[in-house]
Amino acid sequence: MAIWRPYTPHYPDMPQAIPIRRAQGAYIYTTDGRALWDATCAWWVCVHGHCHPYIAQAIAQQAHQLDHVLFADFTHEPAEKLADRLSRLTGLSWVFFSDDGSTAVEVALKIAIQYFHNKGEKRHRILALEGAYHGDTFGAMSASARSLFTQPFTELLFEVEWLPFPEPFDEAVWAPRLAALAARRDIAAFIAEPLLQGVAGMRTYTPQAWDAIVRAVRAAGALVIADEVFTGFGRTGRLLATDHCTEKPDLLCLSKGLTGGFLPLGVTLVREEVFQVFFTPAVEKALYHGHSYTGNPIACAAALANLELWEKPETWARLALLEEAQRALAQSWQSRYPSIPVRHLGIVLAIELPAAVKGYFAPHRVALKRYGLERGVFFRPLGQVAYILPVLASTPEELAYAVSVIENYLAEGAASI
Ligand SMILES: Cc1ncc(COP(=O)(O)O)c(C=O)c1O
């Protein structure tokens, strides 16, 4: 065996990866003939459904036309069109391409720090939310909650200040905290996953809390980075989580669902005023960041096809259908099991399983996965948090089935582990 797998302890009798032959819609098909309903959207990337023909076709066409060019000296229509569409969608006028969620965040942090450096202001402090996850590169790790994942690197991570997770958002508690924040002059940027922290266990907070924090950060003269790597592309019921909010970010990171789940691509969108500080022939003020595959035309073509699907009323109808189904399932669960908390935002549903051991390595992670696989559903719980994040090709019946598998898992005695 020569493949070193992500987030996986390796040892002689470790569980083996399941060979997959193909995927279609909401299902992945194993080489031994099983169909698995994917409750994880392939690590939160797949949006409309696996192998969606419209995106597959756009990729095939682009692959025959232009595979890749060096993006510092050349440009091409897929990148130009995509940048234009994303700018119009977000009101952020500059688009920096990278490869994935971590690099989109890395670029945002570097831009924020260099913005103040270029202006000759001494500001290096980054502010983030407790429980945050922004990726696995060093900057992204630094801005993420410290955990077993980051432990070997602790001494090398830069210091970050943590704001408490703003739920519940008690105005009386937060008012002095936000007033102190607004008076600060050393903060470069605040970074957060708006409204929904994914890796932390699908934790939600309100647009009011986001707006209040962002206003204080702005008063402190700092930049606001929205990490919508996970929340983008319909997960919260709107195209972007910040679409629910009044206060918009200065920098916005997108990846995962950007190509509909077909190809890796990251973008960092930047407000005009921020870009202006880099808009000079002075070589020391340029952003020296890039990747070999920056602006890859095939990935851009996939992202354009994804955005075109979001222009179709059918896409929004499917989103509304699944959002409603998740809401009904959450309500029904809560009325039947008042002591087992359920969270719901957009098409994300998360159940906090009763657990003797909590945290990312809670035994439910392995046990519910195994139980689900035997019943045709692929779960990958975040510790004791079981979640269901469907692709839009899913049906309300499939969501109900997935919830029933969790229910039976608990009923069969798993509640005690
Ligand atoms: C909010 C958020 N930001 C960044 C990342 C990192 O993205 P990637 O795994 O593509 O590097 C993730 C991944 O889960 C994420 O959830």
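Here the structure is a predicted model, which means the values were calculated and not measured.

Visitor: I would appreciate a short explanation of the pairing of strand 2 (residues 27–30) in the present structure.
Guide: Two faces belong to every sheet, and in a regular strand the side chains alternate between them. Side chains of strand 2 alternate between two faces, with Ile-28 and Thr-30 buried and Tyr-27 and Tyr-29 left unburied. Here strand 1 (residues 20–24) runs beside strand 2; their pairing, made up of 4 bridges, is antiparallel. Residue pairing for strand 2: Arg-22 is matched across the bridge by Tyr-29. Counting the residues that bridge the hairpin from strand 1 to strand 2 gives 2 residues, and of these Gly-25 lies at a positive phi of roughly 60°. Note: strand 2 against strand 3 (residues 35–38), 3 bridges, orientation antiparallel. Each residue of the ladder has a partner; that of Tyr-29, found in strand 3, is Ala-35. Counted along the chain from strand 2 to the antiparallel partner strand 3, the turn is 4 residues long, and its residue Gly-33 has a positive phi close to 90°.

Visitor: Looking at this structure, I do not really get the nonpolar core. What am I missing?
Guide: A general feature of soluble globular proteins is that nonpolar side chains tend to end up buried together. Of all hydrophobic cores here, the largest spans 94 residues; its most connected members are Leu-82, Phe-190, Met-202, Trp-210, Phe-379, Ile-388 and Ile-406. The two domains that each donate at least three residues to this core are domain 1 (53–309) and domain 2 (313–416). If we skip the residues at most four places from it in the chain, Trp-210 touches Phe-190, Ala-192, Pro-194, Leu-195, Tyr-205, Val-224, Ala-226, Thr-242, Cys-245 and Glu-247.

Visitor: Even after reading the chapter, I still don't get the site of the ligand, so can you show me in this structure?
Guide: Around the ligand sit Trp-44, Asp-100, Gly-101, Ser-102, Tyr-133, His-134, Gly-135, Glu-193, Asp-227, Val-229, Phe-230 and Lys-256, and those are all the residues in its vicinity. Here the ligand loses 84% of its free accessible area of 400 Å² to cover by the protein chains. Residue composition of the shell around the ligand, by class: 4 nonpolar, 4 polar and 4 charged.

Visitor: In this structure, what is going on with unusual backbone geometry? I would like to understand it.
Guide: Excluding glycine, a negative phi dihedral is what most residues carry, and trans is how most peptide bonds are arranged. Residue Glu-167 is joined to Pro-168 through a cis peptide bond whose omega torsion reads 0°. Relative to the helices and strands, Pro-168 resides in the loop between strand 6 (160–163) and helix 6 (171–182). One non-glycine residue, Phe-233, adopts positive backbone phi at about 65°. Among the structural elements, Phe-233 can be located in the loop between strand 10 (223–227) and strand 11 (251–254). Of note, the phi angle at Lys-256 is positive, near 35°, even though the residue is not glycine. Among the secondary structure elements, Lys-256 is positioned in the loop between strand 11 and strand 12 (266–270).

Visitor: Is there a simple way to explain the domain arrangement of the chain in this structure?
Guide: The figure often quoted for interface size is the accessible area lost as the parts come together. Domains assigned within the chain are domain 1 (53–309) and domain 2 (313–416). Its C-alpha centre places domain 1 at a distance of 28 Å from the equivalent point of domain 2. Taken together, the contacts link 18 residues of domain 1 with 17 residues of domain 2. Between domain 1 and domain 2, roughly 1,400 Å² of surface is buried when both sides are summed, and carbon and sulfur atoms account for 75% of that area. Counting across the domain 1 and domain 2 interface gives 0 salt bridges. For the pair domain 1 and domain 2, the number of links is 4 residue pairs in polar contact (both at pLDDT 80 or more). Split by residue class, the side of domain 1 that touches domain 2 holds 9 nonpolar, 6 polar and 3 charged.

Visitor: Before we go on, may I ask you to explain the packing of aromatic side chains in this structure?
Guide: Aromatic ring pairs are described here by two measures, namely the spacing of the ring centres and the angle between the planes. According to the stated counting rule, one finds 19 aromatic pairs in the structure shown. When the centroid spacing of 6.0 Å and the interplanar angle of 80° are considered together, the rings of Trp-44 and Tyr-387 count as edge-to-face. Of this pair, Trp-44 sits in helix 1 (residues 41–44) while Tyr-387 sits in strand 16 (residues 385–388), and the two are 343 residues apart along the sequence. Tyr-387 matches Trp-44 in its accessibility class, with the two residues each being buried. Relative to Phe-279, the ring of Phe-275 has its centre 5.6 Å away and its plane inclined at 40°; by these criteria the two rings are tilted. Overall, Phe-279 belongs to the exposed group, its relative accessible area being 56%. Within the aromatic cluster, the residues linked to one another by ring pairs are Tyr-7, Trp-43, Phe-149, Tyr-360 and Phe-361.

Each value, and the rule that gives it
Residues numbered from 1 in each chain as written. Predicted model: local features only at pLDDT ≥ 70, side-chain atom pairs only at ≥ 80, totals over all residues. Heavy atoms only, no water. Buried < 20%, exposed > 50% of the residue type's maximum accessible area, 1.4 Å probe, protein only. Helix = DSSP H or I, 4+ residues; strand = E, 2+ residues; numbered from the N terminus. Pairing = 2+ DSSP bridges. Core = buried A, V, L, I, M, F, W, Y, C linked by side-chain atoms within 4.5 Å. Domains from an automatic or database assignment. Contact = heavy atoms within 4.5 Å. Near = heavy atom within 4 Å. Areas by Shrake-Rupley, 256 points an atom, 1.4 Å probe, with all protein chains shown as cover. Nonpolar A, V, L, I, M, F, W, Y, C, P; charged D, E, K, R; others polar. Buried area = accessible area lost by both parts, 1.4 Å probe. Salt bridge = Lys/Arg side-chain N within 4 Å of Asp/Glu carboxyl O. Polar contact = N/O pair within 3.5 Å; in protein donor to acceptor, adjacent residues only side chain to side chain. Phe/Tyr/Trp six-rings, centres within 6.5 Å; stacked < 30°, edge-to-face > 60°.

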